[in-house]
Amino acid sequence: MAIQTIPYYDRQRDWRELALCKDTSPELFFPIGNTGSALDAISLAKNVCSRCPSQVECLEYALDSNQDNGVWGGRSEEERRLIRKQRRS
Ligand code: SF4
């Protein structure tokens, strides 16, 4: 997965303005549970994230602010927990 960071000239703008998910269904990024149709939603959300120019900034925001629910920066709840754990050790 190629991650594109926000070009310098766009950093003046909030990363949320460039977020691809702002025009998608919240249910895609915040499915209930992590089995069955929720797994499909998570996969689709990650696909959107993979094309989002704000992916790096979004993930760092989610990690810094301890966002527990949903897909942020192309990472699921469990994946973000693992990243936090790895960074602590
Ligand atoms: S990386 Fe994903 S969750 Fe984050 S702003 Fe982009 S589309 Fe939304």
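Up top is the structure these notes are about.
Report follows, based on the coordinates. Computed from a predicted structure; not experimentally measured. Throughout, a residue's number is its position along its own chain's written sequence, starting from 1. Side-chain atom pairs in this predicted model are given and counted only at pLDDT of 80 or more, local residue features only at pLDDT of at least 70, and totals for whole chains, interfaces and linings cover all residues. Working from all heavy atoms in the structure, the side-chain values ignore hydrogens and water.

The next subject is the overall build of the chain. Secondary structure elements are defined from DSSP: runs of H or I of at least 4 residues count as helices, runs of E of at least 2 residues count as strands, and each element is numbered from the N terminus. Looking only at helices and strands, one finds five helices and zero strands in the chain. Element order for the chain, N to C, with α for helix and β for strand: α-α-α-α-α. Here the chain holds 89 residues, and 34% of them are scored as buried. Residues are treated as being in contact if the distance between any of their heavy atoms lies within 4.5 Å. Taking the intrachain contacts of the chain between residues at least 6 apart in sequence as the baseline, contacts between residues at least 24 apart amount to 48%. Roughly 6000 Å² of accessible area belongs to the chain as shown, and the carbon and sulfur atoms make up 52% of that amount. We call a residue buried when its accessible area falls under 20% of the maximum for its residue type, exposed when it is over 50%, and partly exposed in between, using a 1.4 Å probe and counting protein chains only. Only the protein chains shown count as cover for residues, and the accessible areas themselves come from Shrake-Rupley with a 1.4 Å probe.

Turning to the site of the ligand, a few remarks are in order. One heavy atom suffices: a residue is near a molecule or strand as soon as one of its heavy atoms comes within 4 Å of it. Around the ligand sit Trp15, Ala19, Cys21, Phe29, Val48, Cys49, Cys52, Gln55, Cys58, Val71 and Gly73, and those are all the residues in its vicinity. Mapped by element, the contributors of at least two residues to the shell around the ligand are helix H3 (37-50) and helix H4 (55-64). For the shell around the ligand, a count of residues per class yields nine nonpolar, two polar and no charged. For this scheme, ten residues count as nonpolar: Ala, Val, Leu, Ile, Met, Phe, Trp, Tyr, Cys and Pro. Four count as charged, namely Asp, Glu, Lys and Arg, and the remainder, Gly too, count as polar.

In this scheme Phe, Tyr and Trp rings, the latter by its six-membered ring, pair at centre separations within 6.5 Å, and the angle between planes marks the pair as stacked below 30 degrees, edge-to-face above 60, and tilted otherwise. Tallying each qualifying case throughout the model produces three aromatic pairs. Where Trp15 meets Tyr61, the ring centres are 5.6 Å apart and the plane angle is 50 degrees; that geometry is what we call tilted. Separated by 46 residues along the polypeptide, Trp15 in the loop between helix H1 (8-11) and helix H2 (26-29) and Tyr61 in helix H4 bring together distant segments of the chain. By relative accessible area, which is 15% here, Trp15 ends up buried. Aromatic side chains Tyr61 and Trp72 sit 5.7 Å apart centroid to centroid with 35 degrees between the ring planes, which places their arrangement in the tilted category. Separated by eleven residues along the polypeptide, Tyr61 in helix H4 and Trp72 in the loop between H4 and helix H5 (77-88) bring together distant segments of the chain.

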